[in-house]
Structure formats: structure tokens, C-alpha cells
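So the chains spell out like this:
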Amino acid sequence: ASTAATSVSIAGDIGSQLHGGYHHPLARSWQAERQLTKSMLIYPLFISDIEDDETLIPSLPGQHRRGVNKLVPFLEPLVRKGLRSVILFGVPLKPGTKDALGTAADDPMGPVIQTIRLLRQRFPQLFIVVDVCLCEYTSHGHCGILRDDGTLNNQLSVDRISDVAMAYAQAGAHCVAPSDMNDGRIRAIKLKLIEEGIAHKTLLMSYAAKFSGCLYGPFRDAAGSAPSFGDRRCYQLPPGGRGLARRAIVRDIGEGADIIMVKPASQYLDIISDAKEIGRDLPVAAYHVSGEFAMVHAAAKAGVFDLRTMAFEVTEGILRAGATIVISYFTPDFLDWLDE
Ligand code: PBG
Ligand code: ZN
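Being a predicted model, the structure only gives us computed values, none of them experimental. (Residues numbered from 1 in each chain as written. Chains lettered and ligands numbered in written order. Predicted model: local features only at pLDDT ≥ 70, side-chain atom pairs only at ≥ 80, totals over all residues. Heavy atoms only, no water.)

(A) Highlighting the site of ligand 1. Taken together, 19 residues lie around ligand 1, and Lys-210, Arg-220, Lys-263, Ser-290 and Tyr-329 are the ones closest in. One of the side-chain nitrogen or oxygen atoms of Arg-220 is found 2.7 Å away from an oxygen atom of ligand 1. Here an oxygen atom of ligand 1 and a side-chain polar atom of Tyr-287 are 3.4 Å apart. Taking 400 Å² as the accessible area of ligand 1 by itself, protein coverage stands at 100%. (Near = heavy atom within 4 Å. Polar contact = N/O pair within 3.5 Å; in protein donor to acceptor, adjacent residues only side chain to side chain. Areas by Shrake-Rupley, 256 points an atom, 1.4 Å probe, with all protein chains shown as cover.)

(B) Highlighting the coordination of the zinc ion (ligand 2). The protein atoms donating to the zinc ion (ligand 2) are Cys-133 (SG), Cys-135 (SG) and Cys-143 (SG), with metal-donor distances spanning 2.2 to 2.3 Å. Here the zinc ion (ligand 2) is ringed by four donor atoms whose angles at the metal span 100 to 121°, and the overall shape comes out tetrahedral. Spacing between the donor residues of the zinc ion (ligand 2) along the chain follows C-x1-C-x7-C. According to the relative accessible area criterion, Cys-135 is buried, its value standing at 6%. On the basis of relative accessible area, Cys-143 is assigned to the buried category, the value being 1%. (Donors = N, O, S within 2.8 Å, 3.2 Å for Na, K, Ca; no water. Tetrahedral: all angles 85-135°; square planar, octahedral: opposite > 155°, others 65-115°. Buried < 20%, exposed > 50% of the residue type's maximum accessible area, 1.4 Å probe, protein only.)

(C) Here's a closer look at unusual backbone geometry. Here the amide bond leading from Lys-263 into Pro-264 is cis, since omega sits at -10°, within 30 degrees of zero. Structurally, Pro-264 can be placed in the loop between β8 (259-263) and α9 (269-278). Of note in this structure, Met-181 is not a glycine but carries a positive phi near 75°. Mapped onto the elements of the fold, Met-181 is located in the loop between β6 (175-178) and α6 (185-195). (Helix = DSSP H or I, 4+ residues; strand = E, 2+ residues; numbered from the N terminus.)

(D) Up close: the packing of aromatic side chains. Applying the stated criterion across every chain, the model contains 15 aromatic pairs. Judged by centre distance (6.4 Å) and plane angle (40°), the ring pair of Tyr-207 and Tyr-287 falls under tilted. With Tyr-207 in strand β7 (residues 203-210) and Tyr-287 in strand β9 (residues 284-288), this residue pair connects regions lying 80 residues apart in the sequence. By relative accessible area, which is 1% here, Tyr-207 ends up buried. On the basis of relative accessible area, Tyr-287 is assigned to the buried category, the value being 1%. One aromatic cluster in this structure is built from Phe-46, Phe-89, Tyr-207, Phe-219, Tyr-287, Phe-293, Phe-312, Tyr-329, Phe-330, Phe-334 and Trp-337. (Phe/Tyr/Trp six-rings, centres within 6.5 Å; stacked < 30°, edge-to-face > 60°.)

(E) Up close: helix α5 (residues 154-171). Look at α5: 26 Å from first C-alpha to last across 18 residues, which is about the 26 Å you get at 1.5 Å a residue. Taken residue by residue, α5 has Ser-157, Val-158, Arg-160, Ile-161, Ser-162, Val-164, Ala-165, Met-166, Ala-167, Tyr-168, Ala-169 and Ala-171 as its buried positions. Looking at the buried positions of α5, the neighbouring elements they touch are α4 (111-122), β5 (127-132), β6 and α6. In this structure Asn-153 caps α5, since a side-chain oxygen of it lies 3.3 Å from the backbone nitrogen of Gln-155. (Expected span 1.5 Å × (residues − 1). Contact = heavy atoms within 4.5 Å.)

(F) How the structure looks around the pattern of salt bridges. A complete count under the given rule lists 17 salt bridges for this structure. Salt-bridge contacts for Arg-246 lead to Glu-277; the nearest nitrogen and oxygen are separated by 3.2 Å. In this pair, Arg-246 is assigned in helix α8 (residues 242-254) and Glu-277 in helix α9, connecting sequence segments 31 residues apart. We classify Glu-277 as partly exposed; its relative accessible area is 44%. If you follow the salt bridges from partner to partner, you end up with Asp-180, Asp-183, Arg-185, Arg-251 and Asp-252 in one network. (Salt bridge = Lys/Arg side-chain N within 4 Å of Asp/Glu carboxyl O.)

(G) Main features of α8. Taking 1.5 Å of rise per residue, the 13 residues of α8 would be expected to cover 18 Å, and the 18 Å separating its terminal C-alpha atoms lies within 8% of that figure. When we look at burial in α8, the residues that qualify are Ala-245, Ala-248, Ile-249 and Asp-252. Axial view of α8: buried residues confined to an arc of 100°, hence all on one face. Those residues of α8 that are exposed and aimed more than 90 degrees away from the buried face are Arg-247 and Gly-254. Contacts made by the buried residues of α8 are with α6, β7, β8 and α9. Gly-256 occupies a position one or two residues after α8 and carries a positive phi of about 110°. (Arc of directions from axis to C-beta.)

(H) How the structure looks around the environment of Ala-323. One can find Ala-323 in the loop between α11 (307-321) and β10 (325-328). Relative accessible area serves as the criterion here: at 0%, Ala-323 is assigned to the buried category. For the pair Ala-323 and Phe-219, spaced 104 residues apart in the sequence, the C-alpha separation amounts to 22 Å.

If you want it as C-alpha cells, here you go:
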């Protein structure tokens, strides 16, 4: 009897010993289901229509808006360090460019289409994602075409946004990523891609669970895309809307999305985990947005924590929740940090 008692208590002691499993740095890395690697990262680029522009965005630390002429020299060292993918946002600054229909969004001489062509030619290995929305190009700053009462006209918006997505895909974008949140746009884009015979070589990434809130402020400074009246709460999801997010994810998978995105990331880790569960069979992306990035920088500057340690901690949290693709303004830093 005493022998049995001893072995039970030893078994209990053995089960309590965890430290041996993560004493060594390599063993610590083995504890993660997924390691952050360079190929998981997509870097956002703001492209202005002023060719020689290179302007620091004050609310987005270290990030610039660049004209087409400044892109190649900026990207060359990053590509050499292992940058695999960028997401493009057009920023029309020239006066008179914006109108009620966002006509400039698919201007063949506009900054986005010019940049797609340039990057395909200069960096053949770089995967080009293009954000598809109208808010940067509309005079009212909303993500679609409006009715007289100021609400979105869903049908007109979807028609227009799917045309814009087509123009980017035809110019050579590997991936189009509609961020507008109009109902039915994934299906409309997929159908047009099929019709044009380019669905097989164009990835459709849906901003499926995109929440409204105050974390896009620095982005809107960078892109000049703040709405001139009202807000986006009638099309971006309410922060408490977990069920609505799940429905949007199910819907967009059904409409033909190849990748599901959740945005913002750190405040919505449960949604990332839901997306992974619902979208078991497709990759899940998370967008660590401008406000999240600015918050990390502000706190590090205030001495709350070390910037690099927090950049890893937040990104590893996003991976742990279920994402395997992260859109991050920290990408250039990670290209260095992951080599050290
Ligand atoms: C455009 C768009 C936005 C972001 C990505 N695409 C802004 C918005 O919806 O207001 C935000 C990205 C960021 O904050 O980094 N619809
Ligand atoms: Zn928009």
C-alpha cells in the first residue's frame, strides 16, 4: 500500500514539472503552434499621385506616403531582406481628383495601376495585394456610392467596386482585397473574374470581419480617406458583433473568398479564432491596423515597454489566435529582427 501511495505522489510531482520543457530558447520556440516567418507578412504601402512625394505620416511612426518614383529604391533593400508581399493603397492628392463615384480609383494612369505594373516588372517575386475601396477617391469619403439620403447604394457600390477590382487584377495584381464592406461584393468580384478568365490566377481576399471604431485614424490621415460627414458604423461591424462577424465570414466563404481577413487584430482575437474555426479550410489573415501600430509605438516611447518585445508579443498573439497571414506596419522591422 505504501508503494502505491508513493508512486501516486511521484506521478503528481512529475506532472507539476513544466520548466524543463521551455528552458532552452529553441525549446521555447517549439511551444508555439506557429512560428512567425517572413512569408506570413504583408506590408502596407501608401502610394500618392505625386511622383516624387516622400512624406512622413506623423500619426503613423516611421511610415511614409510615397510617389511612384520613390518606391523602387525604398523596396529594393526590403526585398533583399526577404519581403514577400505588399498591400497597396492609393492616395490621390492632386486637387480635383475626387468625385461622388470615386472615378479615380481605376484610372489607368493613377498611382495604384501604375504601381502594380512597376512592381510586377521590377520585383517579379513580390506578391502584390491591392486594397479595393472607394473612400480614398470619393468626395464624401465613404466606401461606396451614396443615395440622396447619404446612405450607401449597395447595388451601385458593388457594381463599381467589382469593376475597380477587375481593373487591378487585369493590371497584374496577384490579389484583390475589397475593404468596403458592401453586401455581396465578394460574389460580384468573383463572377467578373470568372467572366474575364482571370479567376484562376487572382486571389480574392475578403476583409470579411472588419469592425468600426477608432483604430483606423492614422490610416485615414495617411490616405486622406476620413468621411466628410457621419461615420462608417452602418457598414463596418459593431465592435460587440461577434455573431455578425461569424455570419459575414460564412457568407464571404460562400461567395468565393480565397482568404478571410479579420481587422483590427489585437482587440478581436476571438474573431480570428472564430474565423479559423469557421474557415478551417482556408487561410486566415489579420490586419494589425494603423491605430494598433501607433499605440504600440506611443507606449514604447512613454517607457511602458520595449518596442520590439511588444511587436513580437502582439504578433505572436495574433498567430496563436489562428491567423497565418499578418498585415503589419512592423514588417520592415521584422525583416531585421527575424534575422537576429
Ligand atoms: C479603406 C481601408 C481602411 C483601412 C484599410 N482599408 C480605412 C477605413 O476603413 O476607414 C484601415 C487600415 C489601417 O487602419 O491600418 N476602406
Ligand atoms: Zn473604404
